[in-house]
Amino acid sequence: MTERIIITATINDEETQFMADMRDSLLDALRERIGLTGTKEGCNNGNCGACAVIMDGRLVNSCCVMAAEVEGSEITTVEGLAEADGLTPLQEAFLEEAALQCGICTPGFLVASKALLDVNPHPSEHEIRFWLAGNLCRCTGYDKIIRAVQKAAAQRGA
Amino acid sequence: MVATPEKPQYKVIGTRPIRPDGTDKVIGRAEYGIDVRLPGMLYGRIKRSPYAHAIIKRIDASKALALPGVKAVITHDDFPPPGDTAMTMGEGGVSTARFMLEGIMASKKVLYRGQPVAAVCATDHHIAEDALELIEVEYEPLPVVSDVREAMSDAAPVLHENLRTRDMAPLSQTPSDKPTNIASHLRFARGDVQAGFAAADIVVEREFETSMFHQGYIEPHNGTAFWNRDGKLTVWCSTQGSFSVRANLATLLQIPVSQINVIPMEIGGGFGGKLVVYLEPIAAVFSKITGKPVKMMMTRDEVFEATGPTSGTYIRVKMGAKKDGTLTAAEVYLAYEAGAFPGSPVGAGATCALAPYDIENYVIDGYDVVVNKPKTAAYRAPGAPAAEFAVESVVNEIAKQLDIDPIDLRLKNAAKEGTPRPTGQKFGRIGAVEVMQAMKDHPHYKSEIQGPDRGRGVAMGFWGNVGGERSATAAINPDGTIKLVVGNVDIGGTRAAMAMMLAETLGISAEQVHPHVVGTDDIGATGLTGGSSSAFAIGWTMYELGLELRKKLTERAARIWEVPEDQVTYGDDGVIRGPADAEGKPREMSFKEIAGRLARTGGAISAGLTTQKQGAGPAYGGHIVDVEVDRETGKVTILRYTAVQDVGTAIHPSYVEGQIQGGVAQGVGMALTEEYYWGPDGRMQNASFLDYRMPTTLDLPMIDTVLVEVPNPGHPYGVRGVGEVPIVPPMPAIQAAIADAIGVNLYKAPMSPRVVLEALLDKER
Ligand code: FES
Ligand code: FES
């Protein structure tokens, strides 16, 4: 048996205690220990953004954060975006604009886009492209993703 | 969109409903292969060869087995001895069981770096990883050959002692009995090439090279297996074809297909690369040994090094033309790397190479060559991008030399209905001319290009498209909806498209159809999602299923109204009509009304069937691109991109556009930044997303699409495949744009900063 530790963190507004291996990344912990499998692994070394989550207000790649580091943190994953009674404008926009094909990159793009709109509610196309350059999508060519973020931003402003 | 006059009016087709699986995918609940979690599950990992070519002398797993938590280690010997059964690899690829098993687990010799030599499973993924280090393997390294031209030379190290060239070319010499790396040679010919060149006013001949490229799906391969005590094997995986996984498992494990249930989970991209099985057989053997479910997943470097990218190629093209632009002759020589085992897509490359044109005289030679690299797999329009890169670049040079507009030159030579294809059949109704004309008419093409070091290029692309077998069942719910069950794996929105085509047939709304993708135990035979087959093939199934339901509903309505069946009709608006009643009132019932009455009038209605349709319509794309070249760094920036394509009929235009945009993005990657860097030792030097540079949001502009609709007469809704074509034109279009910008033609893809700078320096010299 490898060494285990108990970690307490607020995950999607819920105080959560879980046991993790000392070697677990936050991505491992979310997926394997807590069962929040919405966060995806594309590369496990910080290059694709599929594993993006918001940690204490900052966008991070959860594969590059150790589980042990998140003690006392607040974390938002894709599962924490929607309201009880429906989707957020960003999620709606992704569906309406057909901003996903296979959908594996979608959790990362949604989390990253939310983090963007939280700090910059009216980004230009270039600002969106700059911010999302850490998220790879191999299906869409990004066009419809950018449009979905623009649409969500416009709706927020309205 | 540009619709031709032959396109009929539709109610549902051509609209943009929200896809049925959408919500699950934006809230993080959609279940992909990697998300499978079963009680008591073990985790498997693969020990891979560090050498590109070596003899395996010894494998010792004793230390690994002694590690607490390790449950089993397996090697090639744990699989039943394979035969030479031919196995389908999807999209026309075939292999033998022996080769396929070697790729899953090597026996005596490794042929590429990353080839599996052993595998371990343990109670935790960290333990499995630790155990990998403890498996000892002794190798005797052999000389490596990783370039196609070197591999064809007599001096090259031979990969397979038993390999002899399979010659599919008519009139060529009898094959020699010497061991070779050339697995096969094929030839297509038409007319008299010598006479064609003699009739030409100019002849252009060029040589091209393209790198190996990876599909780059974001989800790594994964698979989970549970071999139950009754001998029944269940496999959850990320695949483009559950039935081909089942067939491959049956051959490799030598058990009947009826004992295997393959459940296709949501799939995070495939592009042809997820037609082959890598992990599933290993997980199955582990599960058989341990009695536990076993899950396996690749890391990203394993995906790059040990799954199937597309062929690196060497290509020569010679074309002749008259002053008026008529193409008189062509000679195309294609040498494609197959990777470690035979089976490159050179055949498809050969049939696509000249497909946009009607050329009287040509010869196309294709060679399939093994090298010490991973076995190639299908990748979007397999074989076509490299071949058409070469041909289209030469066509652009001819246009330039003759001072003819490159689209006019193409229009002059365009393939049309009746043009013979290399394989002998003639083209049916195709849209090459319509695509070329739409390019010419586009504001992008008419706009001025301004600024230094900027240029514009155009190119065409072709893919033949394929059909295939599909099964579906539909049950009418009392609330007026339909439960639709299919085996067709959905990668990019086909559930939406199939729901729409069934809805169109029944005259109901797309939202009334609820599609579900199920495992091989729960549905009839279904071919794979690949080769741009899905919308075409499943569309036929939906149409015939819809007609079957219409017939049953018509019968039922006749019974309810107590009138003869032949007086009842099912309207395209979803309303069933009968003769007027005694009071002269017309009898009418909507789909929803009759659905609610089925239970009380003889019971629920359902239908199920399997279709096996060919006649997929070939498709053309034409791209216009503006670039800017930085002379200091060699970087090429895409300024503007327009992709025109004959899509037959756009079922859900958003997803059709999305397919085109995604294909363009991958093609731009091939053209500019993506590349396998090989060390002299046959080792890939850049096996990560950081170093294998796929386009990001910052590398691309918005991608304009023009959907030309020339309906495919071989389909009830005119569908042609749309997924493959858009990856074909970017390389030559960008090549031409760079030439326009800086006056140099590049013959190597990717046209990376290094290639651009070298060419600029050469020019100055
Ligand atoms: S999985 Fe974390 S960045 Fe790719
Ligand atoms: S939708 Fe497939 S990777 Fe983005």
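Because the structure is a prediction, the values reported are computed rather than measured.

Re the overall build of chain A
Moving on, step 1. Check the secondary structure of chain A and you find five helices and five strands.
Moving on, step 2. Going from N to C terminus, chain A has its helices and strands arranged as β-β-α-β-β-β-α-α-α-α.
Moving on, step 3. Structurally, chain A occupies a C-alpha span of about 50 × 30 × 25 Å along its principal axes.
Moving on, step 4. By residue count, 58% of the 158 residues in chain A fall in the buried class.
Moving on, step 5. For chain A, the share of sequence-separated contacts (at least 6 apart) that also reach a separation of at least 24 residues comes to 52%.
Moving on, step 6. Computing the positive centroid from 13 side-chain charges and the negative centroid from 23, chain A places the two 8 Å apart.

Details of the overall build of chain B
Moving on, step 1. Counting secondary structure elements, chain B contains 20 helices and 31 strands.
Moving on, step 2. At 27 Å, chain B has a C-alpha radius of gyration in line with the 27 Å of a compact globule built from 765 residues.
Moving on, step 3. Projected onto the principal axes, the alpha-carbon positions of chain B cover approximately 95 × 75 × 50 Å.
Moving on, step 4. Of all 765 residues assigned to chain B, the portion counted as buried reaches 64%.
Moving on, step 5. Taking all contacts inside chain B whose residues are at least 6 apart in sequence as the whole, residues at least 24 apart take part in 78%.
Moving on, step 6. Surface exposure of chain B reaches about 27,000 Å², of which carbon and sulfur atoms provide 49%.
Moving on, step 7. Once the 76 positive and 91 negative side-chain charges of chain B are each reduced to a mean point, those two points are 3 Å apart.

Let's talk about the environment of F427 of chain B
All names here are of chain B.
Moving on, step 1. Along the chain, the position of F427 falls in the loop between α12 (406-413) and α13 (432-441).
Moving on, step 2. Sequence separation of F427 and G464 is 37 residues, and the distance between their C-alpha atoms is 10.0 Å.
Moving on, step 3. When sequence neighbours within four positions are dropped, the list of residues in contact with F427 reads A355, A415, K416, E417, G418, T419, R421, F462, P618 and Y620.

Observations regarding the interface of chain A and chain B
Moving on, step 1. Listed by partner, the interface residues are 53 residues for chain A and 58 residues for chain B.
Moving on, step 2. A buried area of about 4,600 Å², summed over both sides, lies between chain A and chain B, and 58% of it is on carbon and sulfur atoms.
Moving on, step 3. On the chain A side of the contact with chain B, L95, Q101 and R138 of chain A bury the most area, a combined 18% of that side's loss.
Moving on, step 4. For the pair chain A and chain B, the number of links is seven salt bridges.
Moving on, step 5. The closest approach of N and O atoms between R23 of chain A and D130 of chain B, which form a salt bridge, is 3.0 Å.
Moving on, step 6. Listing elements by their share of the side of chain A that touches chain B, those giving two or more residues are α1 (26-34), α2 (89-96), α3 (106-119), α4 (125-131) and α5 (143-157) of chain A.
Moving on, step 7. Among the elements that line the side of chain A that touches chain B, the one with the most residues is α5 of chain A, at five residues.
Moving on, step 8. By residue class, the composition of the side of chain A that touches chain B is 21 nonpolar, 14 polar and 18 charged.

A closer look at a negative patch on the surface
Residues and elements named next belong to chain A.
Moving on, step 1. A surface patch of like charges, here negative, comprises D13, E14, D56 and E74.
Moving on, step 2. Mapped onto the elements of the fold, D56 is located in the loop between β3 (52-55) and β4 (58-61).
Moving on, step 3. On the accessibility criterion, D56 (48% relative accessible area) is partly exposed.

Let's talk about the environment of A72 of chain B
Residues and elements named next belong to chain B.
Moving on, step 1. Along the chain, A72 falls in strand β4 (residues 70-74).
Moving on, step 2. Overall, A72 belongs to the buried group, its relative accessible area being 5%.
Moving on, step 3. Residues A72 and T290 lie 218 residues apart in sequence; the distance between their C-alpha atoms is 7.4 Å.
Moving on, step 4. Leave out the neighbours within four places in its chain, and A72 touches L65, A119, V120, C121, F286, I289 and T290.

Thoughts on the pattern of salt bridges
Residue and element names in this part refer to chain B.
Moving on, step 1. One pass over the full model with this rule turns up 55 salt bridges over all chains.
Moving on, step 2. The residue D21 makes a salt bridge to R19 at a minimum N-O spacing of 3.0 Å. Neither D21 nor R19 differs from the other in exposure class; each is buried.
Moving on, step 3. Between K613 and E544 there is a salt bridge; the shortest N-O distance is 3.1 Å. On the criterion of sequence distance, the pair formed by K613 in strand β27 (residues 606-613) and E544 in helix α16 (residues 534-561) is long-range, its members being 69 residues apart.
Moving on, step 4. Exposure remark for K613: the relative accessible area of 21% places this residue in the partly exposed category.

Here's the deal with the confidence of the model for chain B
Moving on, step 1. Here chain B averages 95 in pLDDT, while 98% of its residues score no lower than 70.
Moving on, step 2. Overall fold confidence (pTM) sits at 0.97, and the ipTM for the predicted complex is 0.97.

What to know about the packing of aromatic side chains
Residue and element names in this part refer to chain B.
Moving on, step 1. According to the stated counting rule, one finds 18 aromatic pairs over all chains in the structure shown.
Moving on, step 2. Between Y10 and Y717, the aromatic rings sit 5.5 Å apart at their centres with planes inclined by 75 degrees, giving edge-to-face as the arrangement. Of this pair, Y10 sits in the loop between β1 (2-3) and α1 (22-26) while Y717 sits in the loop between β30 (703-709) and α19 (730-742), placing them 707 residues apart in sequence.
Moving on, step 3. Using a relative accessible area of 19% as the deciding quantity, one classes Y10 as buried.
Moving on, step 4. For Y717, a relative accessible area of 7% corresponds to the buried category.
Moving on, step 5. Each ring, one from Y333 and one from Y367, has its centre 5.3 Å from the other, and the planes form 40 degrees; the classification is tilted.

Cut-offs and rules
- Residues numbered from 1 in each chain as written.
- Chains lettered and ligands numbered in written order.
- Predicted model: local features only at pLDDT ≥ 70, side-chain atom pairs only at ≥ 80, totals over all residues.
- Heavy atoms only, no water.
- Helix = DSSP H or I, 4+ residues; strand = E, 2+ residues; numbered from the N terminus.
- Buried < 20%, exposed > 50% of the residue type's maximum accessible area, 1.4 Å probe, protein only.
- Contact = heavy atoms within 4.5 Å.
- Lys, Arg positive; Asp, Glu negative; His and termini not counted.
- Charge placed at Lys NZ, Arg CZ, Asp CG, Glu CD.
- Rg over C-alpha atoms; globule rule 2.2 N^0.38 Å.
- Areas by Shrake-Rupley, 256 points an atom, 1.4 Å probe, with all protein chains shown as cover.
- Buried area = accessible area lost by both parts, 1.4 Å probe.
- Salt bridge = Lys/Arg side-chain N within 4 Å of Asp/Glu carboxyl O.
- Nonpolar A, V, L, I, M, F, W, Y, C, P; charged D, E, K, R; others polar.
- Patch = residues over 30% accessible without salt bridge, like charges linked within 9 Å, V, L, I, M, F, W, Y side chains within 5 Å.
- pLDDT = per-residue confidence, 0-100.
- Phe/Tyr/Trp six-rings, centres within 6.5 Å; stacked < 30°, edge-to-face > 60°.

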